[in-house]
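Structural overview for review
Listed below, chain by chain, are the residues.
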Amino acid sequence: MKRIFQVLILLVLAAPAFAQVRPQGQAPVTPSLKVGGLDLDYFSPKEYIIGGTTVTGTQYLDKEVLITLSKLTKGDKIVLPGEATSDAIKTLWAQGLFDDVKLNIEKFVQDSVYFEIEVVERPRLSSIDLKGIRKSEKTAIQEKLNDKTGKIVNDNLYNTTSAIVKKYLLDKGFFFTKIDYKTRKDPNAENSVVLEAYIDKGHRVKVQHIDFTGNKDFKSAKLRKFLKSPKQFAWWRFWGSGKFAREIRRE
């Protein structure tokens, strides 16, 4: 039971630890974090003063901002082992800016502890390559995506790009657009990628038939003639026949 309790504590604290398997009959190992030759006993937490925090791996982000977000500020007190270290990692990871986040304890100097935050930044967007649509459509959509250049490639970028592309095509009558993404490294920019968007517009929605209700004095065929848009589909009408745009539907 004591061994299970120890394992649960390790998972909750989410701190590095090393477990050893001992022969039967020996006392269970007390989980501990070993840093620089010192043992941190999980059952005897101790308060330290943060002597300093450094950040490595950043290329564009402000290191001081990252330290502030981690709340591992010089001069503050911290209990080790404790939840503050795992909370720091969770907070930085939640920003959506990194592919990897690690928190290392560099050293202890008396009652002071020194941290190192090690990160791997996600790549930046250099350009978006739209595939599967006409040149005119590509030009129009690209103008709406110009402000994405230089942004971090993450879920938010994918979602906003998809929303812009789908809205444009929806207004043109394409209601079932699908988009797949791939990235390739940009050889001309460090830590940057080209985002390739493979667009499947699907079929344009067309109006096959228009029905009227409540018309007593006029026949439906006559009322259809007064409709400027949309026009009911007709094989002999080559332009705009049956086109169904979102604005029309709302009217």
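Bear in mind the structure is a predicted one, so any value in this text is a computation, not a measurement.

One open sheet holds the four strands; their spatial order is 4-3-6-5, and the pairing between them is mixed. Whereas interior strands pair on both sides, the edge strands pair on one side only; in this sheet they are strand 4 (77-80) and strand 5 (98-109). Averaged over all neighbouring strand pairs, the angle between strand axes comes to 45 degrees, with direction disregarded. Sheet analysis places strand 3 (residues 46-56) next to strand 4, joined by four bridges and oriented antiparallel. Across the sheet, Lys46 pairs through a bridge with Leu80, a residue of strand 4. Along the sheet, helix 2 (residues 63-70) makes contact with strand 3, strand 5 and strand 6 (112-121), crossing strand 3 at roughly 150 degrees.

Direction vectors running N to C along helix 4 (residues 135-145) and helix 5 (residues 155-171) enclose 140 degrees, while the axes themselves pass 10 Å from each other. Considering the angle they form, helix 4 stands oblique to helix 5. Here helix 4 and helix 5 pass one another in a crossing that is right-handed. Where helix 4 approaches helix 5, its residues Glu137, Ala140, Ile141, Lys144 and Leu145 are matched on the opposing element by Thr161, Ile164, Val165, Tyr168 and Leu169. The class makeup of the residues in the contact of helix 4 with helix 5 is seven nonpolar, one polar and two charged.

Our next topic: the pairing of strand 3. Across seven bridges, the pairing between strand 3 and strand 6 is parallel. From the neighbouring strand, Ile49 faces strand 6, where its bridge partner is Ser112.

Take the packing of aromatic side chains next. Within this structure, the stated rule accounts for two aromatic pairs. Taking 5.1 Å as the distance between ring centres and 45 degrees as the angle between the ring planes, the aromatic pair formed by Tyr48 and Phe108 counts as tilted. Pair noted here: Tyr48 is in strand 3 and Phe108 is in strand 5, with a separation of 60 residues, a long-range link. Owing to a relative accessible area of 7%, Tyr48 belongs among the buried residues under this scheme. Between Tyr158 and Tyr181, the ring centres sit 5.0 Å apart and the planes meet at 50 degrees, which makes this aromatic pair tilted. Taken together, the positions of Tyr158 in helix 5 and Tyr181 in strand 8 (residues 178-185) put the pair 23 residues apart, joining distant regions of the chain. Given the relative accessible area of 24%, Tyr158 is considered partly exposed. Across from the ring centre of Tyr198, 5.7 Å away, lies the NZ or CZ of Lys182, which sits over that ring.

One way to put it is that helix 2 packs onto helix 3 (residues 83-93) with a least axis distance of 8 Å and a crossing angle of 125 degrees. One finds that helix 2 runs oblique with respect to helix 3. Each of Leu66, Leu69 and Ser70 in helix 2 lies in contact with helix 3, whose residues at this interface are Ala88, Thr91 and Leu92.

What counts and what doesn't
Residues numbered from 1 in each chain as written. Predicted model: local features only at pLDDT ≥ 70, side-chain atom pairs only at ≥ 80, totals over all residues. Heavy atoms only, no water. Pairing = 2+ DSSP bridges. Helix = DSSP H or I, 4+ residues; strand = E, 2+ residues; numbered from the N terminus. Axes fitted to C-alpha atoms, helices over the stretch in contact; angles between N-to-C directions. Contact = heavy atoms within 4.5 Å. Parallel < 35°, antiparallel > 145°, perpendicular 65-115°, else oblique. Left-handed = near helix turned anticlockwise from the far one by under 90°. Nonpolar A, V, L, I, M, F, W, Y, C, P; charged D, E, K, R; others polar. Phe/Tyr/Trp six-rings, centres within 6.5 Å; stacked < 30°, edge-to-face > 60°. Buried < 20%, exposed > 50% of the residue type's maximum accessible area, 1.4 Å probe, protein only. Lys NZ or Arg CZ within 6 Å of the ring centre and 35° of its normal.

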